[in-house]
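Spelled out from the first residue to the last, the chains are:
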Amino acid sequence: MTKPTPPNQTVHPPGIKIGANQLWGGRFAAGPAAIMERINASIGFDQKLAAQDIAGSKAHAAMLARQGIIATSDAESIIAGLDLILHEIANGVFPFQVALEDIHMNVEARLATLIGEPAKRLHTGRSRNDQVATDFKLWVRDALDRLDAGLKDLQAALIDQAERHTGTVMPGYTHLQPAQPVTFGHHLLAYVEMFGRDRSRAKDARTRLNECPLGSAALAGTPYPIDRDHTAAALGFDRPTANSLDAVSDRDFALEYLATAAIASVHLSRFAEEIVLWCSAQFRFIKLSDAFTSGSSIMPQKRNPDAAELVRAKSGRVIGSLTGLLIALKGLPLAYSKDMQEDKEPVFEADDTLALCLAATAGMVRDLIADPAAMRLAAERGFLTATDLADWLVRELGMPFREAHHVTGRLVKLAEDRGVGLADLDLASIQAVEQRITLGVKDVLGLEASVASRSSFGGTSPERVRAALSTARERFL
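This text gives an overview of the structure that appears in the document. (Residues numbered from 1 in each chain as written. Predicted model: local features only at pLDDT ≥ 70, side-chain atom pairs only at ≥ 80, totals over all residues. Heavy atoms only, no water.)

**Some thoughts on helix 5 (residues 103-115)**
Between its terminal C-alpha atoms helix 5 stretches 18 Å, which fits the 18 Å expected from 13 residues at 1.5 Å a residue. Burial within helix 5 is extensive, with 13 of its 13 residues counted as buried. One side-chain oxygen at the N-terminal end of helix 5 lies 3.1 Å from the backbone nitrogen of His104; it belongs to Asp102. Downstream of helix 5 by a residue or two, Gly116 has a phi angle that is positive, lying close to 75°. (Helix = DSSP H or I, 4+ residues; strand = E, 2+ residues; numbered from the N terminus. Expected span 1.5 Å × (residues − 1). Buried < 20%, exposed > 50% of the residue type's maximum accessible area, 1.4 Å probe, protein only. Polar contact = N/O pair within 3.5 Å; in protein donor to acceptor, adjacent residues only side chain to side chain.)

**Focus: the nonpolar core**
Residues Val140, Leu158, Phe184 and Tyr257 are the most contacted members of the largest nonpolar core, which totals 92 residues. A total of 14 residues in this core trace back to one element, the largest contributor, which is helix 10 (residues 252-279). Leaving out residues up to four positions away in the same chain, Leu158 has contacts with Leu188, Tyr191, Val192, Phe195, Phe271 and Val365. Of all hydrophobic cores here, the second largest spans 19 residues; its members include Leu389, Ala415, Leu422 and Ile430. (Core = buried A, V, L, I, M, F, W, Y, C linked by side-chain atoms within 4.5 Å. Contact = heavy atoms within 4.5 Å.)

**Observations concerning the pattern of salt bridges**
Using the criterion set out here, one finds 31 salt bridges in the structure. Between Glu193 and Arg475 there is a salt bridge, with the nearest N and O atoms lying 2.8 Å from each other. Of this pair, Glu193 sits in helix 7 (residues 184-209) while Arg475 sits in helix 18 (residues 462-476), placing them 282 residues apart in sequence. Taking relative accessible area as the criterion, Arg475 reaches 48% and is therefore assigned partly exposed. Three or more residues are tied together by salt bridges with common partners; here these are Glu101, Asp102, Arg128 and Lys338. (Salt bridge = Lys/Arg side-chain N within 4 Å of Asp/Glu carboxyl O.)

**Digging into the packing of aromatic side chains**
Using the criterion set out here, one finds 10 aromatic pairs in the structure. Measuring from ring centre to ring centre gives 4.7 Å for Trp139 and Phe348, while their planes differ by 65°; the resulting arrangement is edge-to-face. Of this pair, Trp139 sits in helix 6 (residues 128-163) while Phe348 sits in helix 12 (residues 344-367); the two residues are 209 residues apart in sequence, bridging distant segments of the chain. Pair check on accessibility: Trp139 and Phe348 agree, each one buried. The positively charged end of Arg146 is found above the aromatic ring belonging to Trp139, 4.9 Å away from the centroid. (Phe/Tyr/Trp six-rings, centres within 6.5 Å; stacked < 30°, edge-to-face > 60°. Lys NZ or Arg CZ within 6 Å of the ring centre and 35° of its normal.)

As far as function goes, none of this settles anything; it's purely spatial.
Set out below in structure tokens:
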């Protein structure tokens, strides 16, 4: 086994030069123009792939030795050198060089400096094309796992908050107009379902991406007797990819990650919008502490829900990342084109943005204090039990629903003109509109009665909400 050279020593073995044509050898006599170096280099962002790149290289080296393609001693030197490089990167002392373009060449050049001749054997049977596809898949796989964990934590916060409000009555809205009474717990559980579907999408995307491109080489495979099943298993993939052309040019997995992230960010944005509304003076349904709000530079009375507003805004960045990558890929022939270097930054940015938004939203859910009195007061306005009255007319009087709808509308108009609620109308006034109505109608006009009656599966009754909470804990946590 060749002993690695310490980090403070520099060795430049033949074939990996530091100079004008450092990457391409005899084909290119002159170095790239400064602007070409700048547009071509990706090390400024793809160093995020360092751990995945090293894991892939270690698996590849071990397989090459196992197949007798390189000596076991060379593989051992390569793996030891790669471990040292990973240590350097983790400790912030790795000498990244823009001139070496990307993480792959930076690692390979450093490996040559550390161990010498064996480093030149590492790239046998592979290309940067299958190497980067493998690295990126490994990274996105980890990102999907992080996304699932963040969504699960948010669901836990929502479930805990909903459990405290299984019977707290609030207005349910359509068109942002008061519609029917619901419980606050039921409302929060709606988002638990949305984020549950986001987790399902992440799981599905992870399953589809879990095929290993390594060994596809540049585009056509390799003549070396490699064992792709071995490297796939070593890296935690289910199987190797079936087609080498597809393997090096596929970025579906990145698009699926971004699509999942974009949909999740839309859900976050919708919930953030509700937090903004609920915190307003017009609603006053909840309060957020100083931890998630800010003041005004000129108006001392203000408490602004800035965290929610920023979550709402940042959804546009995630959606933009998806759109940008779709456009970058839409016109590319097989197999690899340099355009595909543009695949990583939108994914990295979306991952950072979404992780921050998930943490902020979970924090706000745990921080918020609901005001049941304000919610109830809002529910008492807007004639929210009108549908209950129409249903009573159908159920008790056998009235066709359209006729019941018309009669109820007349009673709502009467209550509105008098400035009272439906439950406050006296029986004589009600019977003046429909003489068959009895005093029993009063039983359905209260808010609690309305909520309790919505006991169908998935409904808002406290009984159903308690059952849904129990089920949600089993399904998601």
